[in-house]
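Spelled out, the chains give:
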Amino acid sequence: MEIIIQETAQDASNVAASIIAKLIKDKPNAVLGLATGSTPLPLYQRLIELNLDWSQVTTFNLDEYIGLPRDHSQTYYTFMWENLFRHTNIHPANVYIPDGNAADIPKFCAEYETLIIEKGGIDIQVLGIGTDGHIGFNEPTSSFASRTRIKTLTEQTRKDNARFFDNNLDEVPIHCITMGIGTIMDARQNILLAFGDNKAPIIVETIEGPLKAINPASILQMHPNAKFCIDVKAASQLKRKDYYNWVYSNRPEWQKY
Ligand code: GLP
């Protein structure tokens, strides 16, 4: 794991953006895994500013609520088009977002897995993290081997996300579709973003705590190429912070992005 600690959320997002920009330049038909939530917004802002050529890029989103109409303001479909895709030249046919209104959701989920493989697999998966350690919507105790499937959100996640639904908990869906932890682990690279004081306890648990299904993000300890791009607030409880900063400032030339 590579722990990249930057002063601000925007600085940390800019590091992630330059890694993604390099991928798209080196491999124009790259396959990206994308996340939603407030965390990736500065990353998407930076990617838009970089004015990259998205014409051959394929994207797969991590998750989606079940049951909201596709054009509802809080679907991840709306989020992605508003905050990233409509500002790029991506081909709509190359955008894959789980369909929370699919008639046969288990069948849809199986096909989503097949599509990822058919497109060559995910080069870089962007991740946020829930305060309970969820990645995508893989809530605590999700199997580390899980694939794309239906999940039931925890009360904590629904409360965390109620702010996007006018703080009305009843409006927050109970079920979702999410890529599995096994799906995320198949990505060739994972970049997890986390910002702010409220992420500090789960970040120290994820990076320096034990591997355990109760903290789904801890599986990234087993990933061969996982980066954490975090701000000083989210990093504030890390015990080996000095070492991570030392590693980053002394990275060899070939490792720079
Ligand atoms: C949602 C998303 C996750 C995201 C998490 C954190 O639950 N499904 O992918 O990581 O929220 O949200 P935020 O970035 O707003 O803290």
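Please refer to the structure placed before this passage.
Quick look at the structure, then. Just so you know, these numbers come straight off a predicted model, no measurement behind them.

What follows concerns the site of the ligand. Contacts to the ligand come from 14 residues, most closely from Ser 38, Thr 39, Asp 63, His 134 and Lys 199. One of the side-chain N or O atoms of Asn 161 is found 3.4 Å from an oxygen atom in the ligand. The fraction of the free accessible surface of the ligand (390 Å²) that becomes covered by protein chains is 94%.

In space, the 3 strands of this open sheet follow the order 4-8-7, with antiparallel pairing throughout. Whereas interior strands pair on both sides, the edge strands pair on one side only; in this sheet they are strand 4 (63-65) and strand 7 (149-152). Taking each pair of neighbouring strands and ignoring which way they run, the sheet shows an average axis angle of 30 degrees. Taken together, the 3 bridges between strand 4 and strand 8 (residues 175-178) define a ladder with antiparallel strand orientation. Each residue of the ladder has a partner; that of Tyr 65, found in strand 8, is Cys 176.

When the sulfur atoms of two cysteines share a covalent bond, that bond is a disulfide. Going through the model one piece at a time under the given rule, you end up with 0 disulfides. Among the cysteines around Cys 109, which has no disulfide bond, Cys 176 carries the closest sulfur, lying 9.5 Å off.

For side chains of opposite charge, pairing can occur when their charged atoms come near one another. The full count for this structure, using the stated rule, is 11 salt bridges. Between Asp 26 and Lys 22 there is a salt bridge, with the nearest N and O atoms lying 2.7 Å from each other. Of the two residues, Asp 26 and Lys 22 are both situated in helix 1 (residues 9-26); the distance of 4 residues between them amounts to about one turn of the helix. One salt bridge in this structure joins Arg 147 and Glu 113, with 3.1 Å as the shortest N-O distance.

A word on the nonpolar core. Grouped together as the largest cluster of nonpolar side chains are 73 residues, with contacts concentrated most on Ile 203, Ile 230 and Leu 238. Element by element, the count of residues in this core is highest for helix 1, at 9 residues. Not counting residues within four places of it along the chain, the set of residues in contact with Ile 203 comprises Ile 129, Leu 192, Ala 194, Phe 228, Ile 230, Ala 234 and Leu 238. By size, the runner-up hydrophobic cluster in this structure holds 9 residues, among which are Tyr 65, Phe 137, Leu 153 and Phe 165.

With that settled, consider the pairing of strand 10 (residues 226-231). Most of strand 10 sits out of view: 6 of its 6 residues are buried. Side chains of strand 10 alternate between two faces, with Ala 226, Phe 228 and Ile 230 and Lys 227, Cys 229 and Asp 231 buried alike. Where strand 1 (residues 2-6) meets strand 10, 5 bridges bridge the pair, whose relative direction is parallel. Across the sheet, the residue bridging to Glu 2 is Lys 227, located in strand 10. Bridge count for strand 9 (residues 189-194) against strand 10 is 5 bridges, and the pairing is parallel. Note on strand 10: the bridge partner recorded for Leu 193 is Cys 229. Following the chain from strand 9 across helix 7 (residues 200-208) to the adjacent parallel strand 10, one finds a crossover that is right-handed.

Quick notes on the rules
- Residues numbered from 1 in each chain as written.
- Predicted model: local features only at pLDDT ≥ 70, side-chain atom pairs only at ≥ 80, totals over all residues.
- Heavy atoms only, no water.
- Near = heavy atom within 4 Å.
- Polar contact = N/O pair within 3.5 Å; in protein donor to acceptor, adjacent residues only side chain to side chain.
- Areas by Shrake-Rupley, 256 points an atom, 1.4 Å probe, with all protein chains shown as cover.
- Pairing = 2+ DSSP bridges.
- Helix = DSSP H or I, 4+ residues; strand = E, 2+ residues; numbered from the N terminus.
- Axes fitted to C-alpha atoms, helices over the stretch in contact; angles between N-to-C directions.
- Disulfide = S-S within 2.5 Å.
- Salt bridge = Lys/Arg side-chain N within 4 Å of Asp/Glu carboxyl O.
- Core = buried A, V, L, I, M, F, W, Y, C linked by side-chain atoms within 4.5 Å.
- Buried < 20%, exposed > 50% of the residue type's maximum accessible area, 1.4 Å probe, protein only.
- Contact = heavy atoms within 4.5 Å.
- Right-handed = clockwise from strand over helix to strand, strands pointing away.

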